Amino acid sequence: MAISVRGALLETVGQPVVIADLDLIEPRDGEVRVRMLASGVCHSDLHVRDGEWDRPTPIVMGHEGAGIVEVVGPGVTSPRVGELVSLSWLIPCGVCRSCRRGHVWACPDSPSYRHMLLDGTAPFTRPAAPGLGGEADEAGQPGRAGTPVRAYCAISTMAEAVVVPAAAAIPLPDGTDPGVAALIGCCVTTGVGAVLKTAAVPAGASVAVIGLGGVGLSCVMGAVIAEASRIVAIDRIETKLVAARAVGATDTILGGDDASTTIEALRDLTDGGPDFVFEAIGRTETAELGARAAFDVYPFVDGSRRILGSNYGFAEPAIDFPRYAAWTLDGRLPVERLIDRRIRLDDVEDAFAAMRRGEYTRQVIDFDG
Ligand SMILES: [Zn+2]
Ligand SMILES: [Zn+2]
């Protein structure tokens with residue numbers, strides 16, 4: 001039977017997200033229902049909300065969350081009811097060339113990109129509201145009962161409960177904080193994995209990280225684990241530099257409008273230039289800054305340098321999520337220091353506004369709060 005849940009619904013891009021009552025399907029073969037405990041508010045959510053990224057609507061927001069498995073569908077052996085799980089926002093299709101060679105992070109056919117479950121079903125539908133009921137018409141007019149509502153990345157973590165493929169719900173060790181577990185689902189895995197897996201930074205290397213949001217700070221934490229000798233954190237906002245030092249940056253540079261000043265400072269700190277640069281914003285300007293700081297054309301060839309793309313930190317969620325969680329428990333990965341504001345689901349628009357102002361390191365929705 002479907003249940004009713006509240007979720008952060010984006011009806012139209014550029015318009016405020018509203019907290020709406022939606023019907024959530026019962027888990028079917030290979031699916032599980034997760035009662036959410038925490039969801040991070042990530043910059044990707046803001047890009048979607050503001051229409052900077054083109055995504056279909058209506059859609060329930062959120063792609064970085066954790067919760068407790070409440071119901072498992074037929075055939076599911078893991079996770080089990082009652083387990084704490086972090087949700088993976090990239091659900092591999094399992095049959096494409098990337099999936100077959102084990103590079104699940106590069107899967108181009110993931111249902112996550114269609115924001116639907118594996119069989120193309122949307123997990124949510126609009127409920128039959130008194131006076132507004134009736135079946136959806138052929139055009140799928142919004143406001144009609146039964147109209148499907150997509151789930152962002154097929155996991156829509158900004159809802160009280162979600163139904164996801166069992167493979168997307170990764171059990172974590174007992175004692176993991178739900179907020180930390182949520183962040184392992186996106187920014188931690190993306191940043192730590194970029195350093196340890198994609199770049200495979202060796203001990204003693206010098207590292208620069210440009211852009212100190214959740215992903216950039218996770219790159220800093222990854223560089224600490226890699227035993228980088230120098231970790232230079234760069235951002236245009238002073239408070240982000242403080243946050244970077246708190247998670248292990250050895251040096252910081254306050255970026256300004258003049259990129260050459262930043263590059264010069266970086267070269268001074270790293271004996272002519274860092275061994276690795278992580279660009280963690282995804283803006284052309286900052287990517288160019290990183291490229292120029294480390295790789296002028298001639299030394300690029302002469303020094304056998306490389307530029308690498310890293311989707312989701314080359315994540316193999318079932319292996320990496322519990323590993324990263326264990327590191328948070330033994331103190332090697334201080335993810336809890338990223339969380340500086342806990343909010344309620346109803347405050348998500350306020351969280352987006354704060355994010356636009358560059359405030360807070362990571363805001364987390366606490367569903368028990
Ligand atoms: Zn994210
Ligand atoms: Zn695939």
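**Q** Go over the overall build of the protein, please, and point to the residues and values.
**A** Across its full length, the protein holds 11 helices and 16 strands. Expected size for 369 residues packed as a compact globule is a radius of gyration near 21 Å; at 21 Å, the protein falls within 12% of this value. Dimensions of the protein, computed from the C-alpha atoms along their principal axes, are close to 70 × 40 × 40 Å. Counting all 369 residues of the protein, 50% fall into the buried class. Expressed as a percentage of contacts within the protein between residues at least 6 apart in sequence, the contacts between residues at least 24 apart total 70%. Surface exposure of the protein reaches about 15,900 Å², of which carbon and sulfur atoms provide 51%.

**Q** Now, about the side chain of D235: what can you tell me, with residues and values included?
**A** Assignment of secondary structure puts D235 in strand β12 (residues 230-235). The side chain of D235 sits in the buried core without any salt bridge; K240 is the nearest counter-charge, 6.0 Å away. In this structure, D235 is in contact with G211, L212, K240, L241, I253, L254 and G255, ignoring residues within four places of it in sequence.

**Q** Report on helix α5 (residues 214-225), specifying residues and quantitative values.
**A** Across its 12 residues, α5 extends 17 Å between first and last C-alpha, which sits within 8% of the 16 Å expected from 1.5 Å per residue. For α5, the tally of buried residues reaches 10 of 12 residues, placing the bulk of the element in the interior. Backbone geometry just downstream of α5 places E227 in the positive-phi region, at approximately 60°.

**Q** Would you mind going over the coordination of the zinc ion (ligand 1) in detail, with residue names and values included?
**A** Taken together, C42 (SG), H63 (NE2) and C186 (SG) make up the full set of protein donors to the zinc ion (ligand 1), lying 2.1 to 2.3 Å away. Spacing between the donor residues of the zinc ion (ligand 1) along their common chain follows C-x20-H-x122-C. Of this pair, H63 sits in the loop between β4 (59-60) and β5 (65-72) while C186 sits in the loop between α3 (178-184) and α4 (187-198), placing them 123 residues apart in sequence. An identical accessibility class is assigned to H63 and C186; each is buried.

**Q** An account of the coordination of the zinc ion (ligand 2) is needed here, citing residue identities and associated values.
**A** Only C93 (SG), C96 (SG), C99 (SG) and C107 (SG) from the protein reach the zinc ion (ligand 2) as donors, at distances of 2.3 to 2.4 Å. For the zinc ion (ligand 2), the 4 donor atoms in the first shell make angles of 104 to 116° at the metal, so the coordination geometry reads as tetrahedral. In terms of primary sequence, the donors binding the zinc ion (ligand 2) are separated according to C-x2-C-x2-C-x7-C. Taking relative accessible area as the criterion, C107 reaches 2% and is therefore assigned buried.

**Q** Give me the packing of α4 against helix α10 (residues 317-329): which residues, what numbers.
**A** In the contact formed by α4 and α10, the axes pass within 12 Å of each other and the chain directions differ by 95°. Accordingly, the angle class assigned to the pair α4 and α10 is roughly perpendicular. On the side of α4, the interface is formed by T189, V192, G193, L196 and K197, while α10 contributes D320, F321, R323, Y324 and W327. Per-class residue counts for the contact of α4 with α10 are 5 nonpolar, 2 polar and 3 charged.

**Q** Describe in detail the sheet that holds strand β8 (residues 148-151), supporting the description with residues and values.
**A** In spatial order, the strands read β1-β2-β7-β8-β4; together these 5 strands close into a barrel with mixed pairing. Examined bridge by bridge, strand β1 (residues 3-10) and strand β2 (residues 18-24) share 7 bridges and lie antiparallel to one another. The residue bridging R6 from the neighbouring strand is D21, located in β2.

**Q** Describe the confidence of the model for the protein, and please don't skip the residues or the numbers.
**A** In this model, the protein carries an average pLDDT of 90, and 92% of its residues clear a pLDDT of 70 or more. Long-range and interchain partners of residues 131-140, a stretch whose pLDDT sits below 50, account for 14 contacts in this model, where long-range means more than four residues apart. Within the model, the stretch residues 284-289 combines pLDDT values under 50 with 8 contacts to residues more than four positions away or in other chains.

**Q** Tell me about the pattern of salt bridges, and name the residues and values.
**A** The full count for this structure, using the stated rule, is 23 salt bridges. Two residues, D50 and R49, come together in a salt bridge whose shortest N-O distance is 3.1 Å. For D320, the salt bridge goes to R323, with nearest N and O atoms at 3.0 Å. Here the residue D320 and the residue R323 both occupy positions in helix α10, the gap between them amounting to 3 residues, near one helical turn. You can call D320 buried: its relative accessible area is 1%. Look at the salt bridges and you will find they share partners, linking R6, E160, R344 and D346 into a network.

Rules behind the numbers
Residues numbered from 1 in each chain as written. Chains lettered and ligands numbered in written order. Predicted model: local features only at pLDDT ≥ 70, side-chain atom pairs only at ≥ 80, totals over all residues. Heavy atoms only, no water. Helix = DSSP H or I, 4+ residues; strand = E, 2+ residues; numbered from the N terminus. Rg over C-alpha atoms; globule rule 2.2 N^0.38 Å. Buried < 20%, exposed > 50% of the residue type's maximum accessible area, 1.4 Å probe, protein only. Contact = heavy atoms within 4.5 Å. Areas by Shrake-Rupley, 256 points an atom, 1.4 Å probe, with all protein chains shown as cover. Lys, Arg positive; Asp, Glu negative; His and termini not counted. Salt bridge = Lys/Arg side-chain N within 4 Å of Asp/Glu carboxyl O. Expected span 1.5 Å × (residues − 1). Donors = N, O, S within 2.8 Å, 3.2 Å for Na, K, Ca; no water. Tetrahedral: all angles 85-135°; square planar, octahedral: opposite > 155°, others 65-115°. Axes fitted to C-alpha atoms, helices over the stretch in contact; angles between N-to-C directions. Parallel < 35°, antiparallel > 145°, perpendicular 65-115°, else oblique. Nonpolar A, V, L, I, M, F, W, Y, C, P; charged D, E, K, R; others polar. Pairing = 2+ DSSP bridges. pLDDT = per-residue confidence, 0-100.

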